[in-house]
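An overview of the molecular structure
This is what each chain is made of:
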Amino acid sequence: SVKYHKYKKPSKLFLLFIVKRHEYFLSFYFSWLTPLLQLGQKRRLEENDMYSILKEDQSEALGEELQRFWDREVRHATKELLKPKLTRVLIKCYGRSYVMAGIFVFFLETIKVIQPLLLGKIILFFENGDPDDQRSLGMAYVYAAAMSISTLGLTILQHLYYYHVLRTGMRIRVAMCHMIYRKALRLSAKSMGQTTTGQIVNLLSNDVNRFDEITLNLHYLWVGPLQAVVIIVFLWYEIGASCLAGVAAIALMMPIQTWFGKLFGIFRSKTAVLTDNRIRIMNEVVSGIRIIKMYAWEKPFSALVTEVRRKEIHQILKSSYLRGLNMASFFASSKITVFVTFTVYALLGNTITASSVFVTASLYGTIKLTVTLFFPLAIEKLSETVVSIRRIKNFLVLEELERKNLALPLEGKMENAIEIEALTCYWDKSSLLSAILGELPYDTGTLKVIGQISYAAQQPWVFPGTIRSNILFGKQLNPKKYERVLRACALKKDLQLFPDGDLTLIGDRGATLSGGQKARVNLARAVYQDADIYLLDDPLSAVDAESSVLIIFHVNCFNSIQFSFIYMELFQSNSHKRAETPSYLSKSGVSVVEVAQTITEETRAEGNVSGHVYLKYFTAGCNTLVLMVIILAGEEFSNSTATAVSVDSGMDVTSSFRKFDLTFYLGIYSGLTAAAVVFGFARSLVIFHGLVRSAQTLHNSMFSAVLHTPVTFFDVNPIGRILNRFSKDVSQMDSMLPITFVDFYQLFLQNAGVIAVAASVIPLILIPVVPLLIIFLYLRSFYLRTSRDVKRLESTTRSPVFSHLSLSLQGLSTIRALKAEERLKKAFDAHQDLHSEAWFLFLMTSRWFALRLDSICSIFITLTAFGCVLLRHGLEAGEVGLVLTYAVTLIGNFQWTVRQSAEVENMMTSVERVVEYTELKSEAPLETQKRPPPDWPSQGMITFDRVNFFYSKDGPPVLKDINATFQPKEKVGIVGRTGAGKSSLVSALFRLAEPQGKIYIDGIVTSEIGLHDLRQKMSIIPQDPVLFTDSVRKNLDPFNQHTDEDLWKALEEVQMKSVVEELPGKLETVLAESGSNFSMGQRQLLCLARAVLRKNRILIIDEATANVDPRTDELIQKTIREKFRDCTVLTIAHRLNTIIDSDRILVLDSGTIQELDCPFTLLQNKEGALYKMVQEMGQAEAAALLESHRELLLPPTVCNDWGV
């Protein structure tokens, strides 16, 4: 059956077809790929040039099939009180098709055993036969024909086998990824505490890749021993009991390799845990990069990641050393076995003949591949895959969310939508909504929900895409309803000023929107849903209050009385509603001043991987001198020479015995073999060590570069794109690239040695080698131009998979509340399918290349075999044996070397991607020669002198000509509508991007000193509280600069001492990912405690009390007034009662200062923005606010003391 396969853009290339199974020899020799390869010669390939994948290879189909088997296994295991086994599921699902591939490998290895026997028959013709005997000549032609046919059969079977097993590996990986993502969407709160984003990313990036690797070699666990037995029989027939000496040498390796396999499993287990940890830290670093920069915490995080990476590399090195020993064993085994065998054979007094030498050497060559390469590789990959399967299984059996309350449709308006009776659950106010949503288990009581639920989380969740897609969230566009929602959520003004309106792209983590805009988009999504119950968890904490008033009014109007409406706000009495504290300053509309850039397409290099990348990779782990020694120390040349000389000398050993002593031969042979083996092992270990150290150095350089690049980089690059390089690309450098390079390097030296020896015996052998080399190199160049592009596409199409996962975990409660799991799964499957297109295309282009190389080799072997028979006169048996042996082994090695060189180039694209990130543009230096005084700033005076601020060179100004002076110890409130430039003022102060103009702190220009000298001397309490997965102590004091007494005192001052004391380990308690075992308010209080500990003269509060109730807010403000009495405090706020008692209030609009004066003066101006804001609250609320703060409002004479 033939499947039609086409380009996504059929106008570019005509329809192509691909064979579904194995008929017609892989769809006519992979010829369907040739147009794509020709296209790759003309230009860089893009995503729309790739072929669509077959329906049966799509993520959804594969994932759901495997999921059904897994569900059946879980039910059976539960019934039998057993643990479910993922291995059994994989065998049931893919066992039958994989066993079929075993047929290919069986016949493949059978041919490899037969070929040396055919070689022996041809040599016997020259050794014993009469060249003019027609019967013998006819048999020689038959053997030559059989040799040719077997070589062709080998080529066909080998590529059928590779095609089948590699595709099977891909299918298992894709299905497993689907299951992992599906599971992630169902994890309960308890399970989320038992895993991390880093672990799940690692499962998707590294663990599942073991399935791509294991399928290639697994069959050799039974083929290897079986073939070894058959070859031993043939060897016994050929040289008698002497073969047992060589076989014993190989047999001794097998238990060692089995032991190595167990060690691989142990090291893989330890490595995986450390990789989980490293990726988790990376995820937190990227998510909290602004906080890390503003706190000047780059050094402790760099030290943390470096230490985790050091431990990870320690385990990887152990695995690499084992791989090095295995690789060296593979290359040394043929020398050892041939040496031991013929030493014993000669010592027993046997006559060595050409046929016995070449047949034995060829049979050992076959057993060498299967027993000393494929068999240990199978053990290694099996051990690692078992670990990965166990890790995935442990994830799949985590507890899932149980929805005790089924949301049923409302049947009548009189029926209660939510019924709660004697309910007991724990934690803060948001827990009530979590319980209603089914996210939080409860101990006692009943909770019944009838109707569809819509939900707006306290922490706004948006995803990359347009504003419209974020609001619709998979629903059909109803223009009238959509328009009403935009008005209700005060989004109309914002959209009018965005260049693309509601089609404006939102960056990763909402990078293109301000906090208030994210909150309103988040709310609009909830309001747009067709629901019966709307649960709003303090959704307007980041929104200015004019918008809050409008939103609450419109949303209540929009959702008429028939809907149940729960507004979960942080209030204690009706007199302190959030809507009563507006802080919007004007009706002039919103500016796009704080809009960052949109998400850019991931960069891809073009053409060859540059020499700069190679040089950086090979010199990162060792110095240039050591590198040159490794390159020039071509012991493999002597290895090949030793073998070749021994074979050549053995052609007519009977005459040699009359001239030389046997001991002399054996002495020379022993010395060469021993030297070759020792140097081979040493070099292999040194290369592996150097390359793994290179991976370590490049990783640390990449992390350092990412940590020190400006924050705009994180606004335009999704988190998955960054994690992709730290997970999959680094993994490629850690494991696959070193072994591929060592294979290529040793084969290259071996081939060079073989050619040199062969040419010294038969110079004419160089005649076919040169054109063959030219053809191979041309094909390599033709293939690489396309395969590099495909490999780069494979890398870039991987990034959206990780981004989608990370994003889904961030918005899990919203996704589940809106029952959007199916939509998200389809989106994940679409990302996987795009990656599968690139992956499958890369596999097939590799097959295209390998098949053509093997075919050329087959033709060459055919010509050589028939050529020897045709040119039989004047040829010695030894010469024929040498030519045919080298035709089979050398040409096979030759094409494999070319393939491995191409594979090295393809894998170097991962190094290329890592090196690209090591060279990211850096921020200003952390320290400069101009250092401020140790006690700076002693006063805390801040002056903005004609400051303009841009997030990027080609972006709009977000601050325009700012001129202001904040006096020492002054308390300044900063207000403005969402997007007015409030947070940009803070960014300019902390130099998150370099401002134009000058900012002075106590007379020192901030742009002239190092970033650490600046940032360490200012404290900030951010709008989004960021905690890291570490101890409470480390979250408060990463530099260990404070005593326990200081820490407890700081916690007490922010009302968190009792909470921390109740934790199991108190200060040493490790927080869950993102501090999720604390409420939003508690996380904010811990951030306040950090500021208390730092005791700086300047404090910036960026809407820090948005997520705490008014009473706690009041306590925090009291703490700030007391602890920071002698500090300059800048407070960005949306609640007027938070900043109404400030010494002065700065009103921003569209990046410019609209008003700056003391509250008393501003409130006297009835045309002023602050006065209008207060009046917009309503007459009663405005009067209550002014009355409650009357004693704090200073008269003008005092205001003038601040230089107003």
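Note that this is a predicted model, so its numbers are computed, not measured. (Residues numbered from 1 in each chain as written. Predicted model: local features only at pLDDT ≥ 70, side-chain atom pairs only at ≥ 80, totals over all residues. Heavy atoms only, no water.)

So, the overall build of the protein chain
Within the protein chain one finds 42 helices and 19 strands. Split into buried and exposed, the 1204 residues of the protein chain put 60% on the buried side. Once local pairs closer than 6 in sequence are excluded, the contacts in the protein chain between residues at least 24 apart make up 84%. Only carbon and sulfur atoms are counted for the fraction: they give 60% of the accessible area of the protein chain, which is about 47,000 Å². (Helix = DSSP H or I, 4+ residues; strand = E, 2+ residues; numbered from the N terminus. Buried < 20%, exposed > 50% of the residue type's maximum accessible area, 1.4 Å probe, protein only. Contact = heavy atoms within 4.5 Å. Areas by Shrake-Rupley, 256 points an atom, 1.4 Å probe, with all protein chains shown as cover.)

Points about the sheet that holds strand β13 (residues 996–1001)
Pairing is antiparallel across the open sheet formed by 4 strands, whose spatial order is β11-β10-β13-β14. Both outer strands of the open sheet, β11 (957–966) and β14 (1004–1005), are each paired with one neighbouring strand and no more. Relative to β11, strand β10 (residues 942–950) runs antiparallel, the two being bridged by 6 bridges. Bridging across to β11, Phe 949 finds its partner in Leu 959. (Pairing = 2+ DSSP bridges.)

Description of the packing of helix α5 (residues 134–184) against helix α29 (residues 821–870)
At a minimum axis separation of 10 Å, α5 and α29 run at an interaxial angle of 170°. As summarised for this structure, α5 and α29 are arranged roughly antiparallel, according to the angle between their axes. For the contact of α5 with α29, the per-class residue count stands at 27 nonpolar, 12 polar and 7 charged. (Axes fitted to C-alpha atoms, helices over the stretch in contact; angles between N-to-C directions. Parallel < 35°, antiparallel > 145°, perpendicular 65-115°, else oblique. Nonpolar A, V, L, I, M, F, W, Y, C, P; charged D, E, K, R; others polar.)

Some details on the sheet that holds strand β17 (residues 1128–1132)
Read from one edge of the open sheet, 6 strands run β15-β16-β17-β12-β18-β19, paired in mixed fashion. A single partner strand is all that each edge strand has here, and the edge strands are β15 (1018–1021) and β19 (1152–1157). Strand after strand, the sheet turns through a mean of 15° between neighbouring axes, direction not considered. Examined bridge by bridge, strand β12 (residues 971–975) and β17 share 4 bridges and lie parallel to one another. Its bridge partner being in β17, Val 972 is matched across the sheet by Leu 1130. The strands that helix α36 (residues 1080–1094) touches are β15 and β16 (1098–1102); relative to β15, the one it contacts most, it runs at about 170°.

Notes on the environment of Val 716
Positionally, Val 716 belongs in helix α25 (residues 712–716). Through-space distance from the C-alpha of Val 716 to that of Ile 506 is 10.0 Å; in sequence the pair is 210 residues apart.

Comments concerning the packing of aromatic side chains
Taken as a whole and assessed by the stated rule, the structure comprises 28 aromatic pairs. Ring centres of Phe 618 and Phe 741 lie 4.9 Å apart, and the angle between their planes is 45°; this geometry places the pair in the tilted category. Of this pair, Phe 618 sits in helix α20 (residues 611–620) while Phe 741 sits in helix α26 (residues 719–761); the two residues are 123 residues apart in sequence, bridging distant segments of the chain. Overall, the relative accessible area of 15% leaves Phe 618 in the buried class. Here the aromatic cluster, defined as three or more aromatic residues joined through ring pairs, consists of Tyr 614, Tyr 617, Phe 618, Phe 741, Phe 744, Tyr 745 and Phe 748. The residue whose ring lies beneath Arg 823 is Phe 473, and the NZ or CZ to ring-centre distance is 5.0 Å. (Phe/Tyr/Trp six-rings, centres within 6.5 Å; stacked < 30°, edge-to-face > 60°. Lys NZ or Arg CZ within 6 Å of the ring centre and 35° of its normal.)

Observations concerning the pattern of salt bridges
Opposite charge on two side chains lets them pair, provided their charged atoms get close. According to the stated counting rule, one finds 50 salt bridges in the structure shown. A salt bridge links Glu 384 to Arg 323, with the nearest nitrogen and oxygen atoms 3.0 Å apart. On the criterion of sequence distance, the pair formed by Glu 384 in helix α13 (residues 354–396) and Arg 323 in helix α12 (residues 298–347) is long-range, its members being 61 residues apart. A residue is classified by how much of its surface remains accessible, and Glu 384, at 3% relative accessible area, is buried. Of the charged contacts, one joins Glu 919 and Lys 616 as a salt bridge, the two residues approaching to 3.4 Å between their closest N and O atoms. (Salt bridge = Lys/Arg side-chain N within 4 Å of Asp/Glu carboxyl O.)

What to know about the environment of Tyr 51
As for its placement among the helices and strands, Tyr 51 is situated in the loop between α2 (34–42) and α3 (59–79). Spatially, the C-alpha atom of Tyr 51 lies 9.7 Å from that of Leu 33, the residues being 18 residues apart in sequence.

Observations regarding empty space enclosed by the protein
Enumeration over the complete set of coordinates arrives at 10 cavities of 30 Å³ or more. Each pocket or cavity is described by its volume, and for the second largest cavity that value is around 200 Å³. Taken together, 16 residues form the lining of the second largest cavity, with Arg 210, Arg 268, Thr 271, Ile 316 and Ser 735 sitting closest to its centre. Counting only elements with at least two residues in the lining of the second largest cavity, the list comes to α10 (243–287), α12 and α26. For the lining of the second largest cavity, the per-class residue count stands at 1 nonpolar, 8 polar and 7 charged. (1 Å grid on protein atoms, 1.4 Å probe; cavity = no way out; pocket = protein on both sides within 12 Å on 5 of 7 lines; lining within 4 Å. Points joined across faces, edges and corners; volume = space filled by probe spheres on them.)

Remarks on helix α34 (residues 1044–1053)
Along α34, the positions that sit buried rather than exposed are Leu 1047, Trp 1048, Ala 1050, Leu 1051 and Glu 1053. With its phi angle positive at about 65°, Gln 1055 sits one or two positions after the end of α34.

With respect to the pairing of β15
The two faces of β15 match: Met 1018 and Ile 1020 on one face and Ser 1019 and Ile 1021 on the other face are all buried. Where β15 lies against β16, 4 bridges are found, and the strand directions are parallel. Looking at β16, one finds that Ser 1019 is bridged to Leu 1099.

Considerations on a nonpolar patch on the surface
Together, Met 100, Ile 103, Phe 106, Phe 107, Trp 222, Leu 226 and Val 230 give the surface a local cluster of nonpolar side chains, amounting to about 620 Å² of exposed area. Counting only elements with at least two residues in the nonpolar patch, the list comes to α4 (86–128) and α9 (220–239). Counting residues per element, the nonpolar patch draws most heavily on α4, at 4 residues. Residue position: Ile 103 is located in helix α4. (Patch = residues over 30% accessible without salt bridge, like charges linked within 9 Å, V, L, I, M, F, W, Y side chains within 5 Å.)

As for the confidence of the model for the protein chain
When the pLDDT values of the protein chain are averaged, the result is 78; 82% of them are 70 or greater. Ranking the helices and strands of the protein chain by mean pLDDT puts α3 first, with 91, and strand β1 (residues 2–5) last, with 36. In the model, residues 549–555 has pLDDT below 50 throughout and makes 19 contacts with residues more than four positions away in sequence or in other chains. Residue range residues 559–565 is modelled with pLDDT below 50. Its contacts to residues more than four positions away, or to other chains, number 14 contacts. (pLDDT = per-residue confidence, 0-100.)

Considerations on a positive patch on the surface
Positive charge collects at one region of the surface, where Arg 68, Arg 72, Arg 75 and Lys 92 lie side by side. In terms of residues, the positive patch owes the most to one element, α3, which gives 3 residues. Here Arg 68 shows up in helix α3. (Lys, Arg positive; Asp, Glu negative; His and termini not counted. Charge placed at Lys NZ, Arg CZ, Asp CG, Glu CD.)

So, α29
For an α-helix the count is 3.6 residues per turn, leaving residues at separations of three or four pointing the same way. Helix length check: α29, at 50 residues, gives a terminal C-alpha distance of 71 Å against a target of 74 Å (1.5 Å per residue), a fit within 8%. Within α29, 38 of the 50 residues are buried, leaving the element largely enclosed by the surrounding structure. (Expected span 1.5 Å × (residues − 1).)

Quick word on the side chain of Lys 183
Along the polypeptide, Lys 183 turns up in helix α5. With a relative accessible area of 6%, Lys 183 lands in the buried category. Those residues in contact with Lys 183, other than ones at most four positions away along the chain, are Phe 395, Leu 396, Val 397, Leu 398 and Glu 400.

A short note on the environment of Arg 173
For Arg 173, the location among the structural elements is in helix α5. Measuring from C-alpha to C-alpha, the distance between Arg 173 and Phe 211 comes to 6.0 Å, with 38 residues separating the pair along the chain. The contacts of Arg 173, once residues within four sequence positions are left out, are Val 208, Asn 209, Phe 211, Asp 212, His 835 and Trp 839.

Some remarks on the packing of α10 against α12
Look at α10 against α12: their axes get within 9 Å of each other, and the N-to-C directions meet at 165°. Considering the angle they form, α10 stands roughly antiparallel to α12. The handedness of the crossing between α10 and α12 comes out as left-handed. Of the residues contributing to the contact of α10 with α12, the split by class is 22 nonpolar, 11 polar and 7 charged. (Left-handed = near helix turned anticlockwise from the far one by under 90°.)

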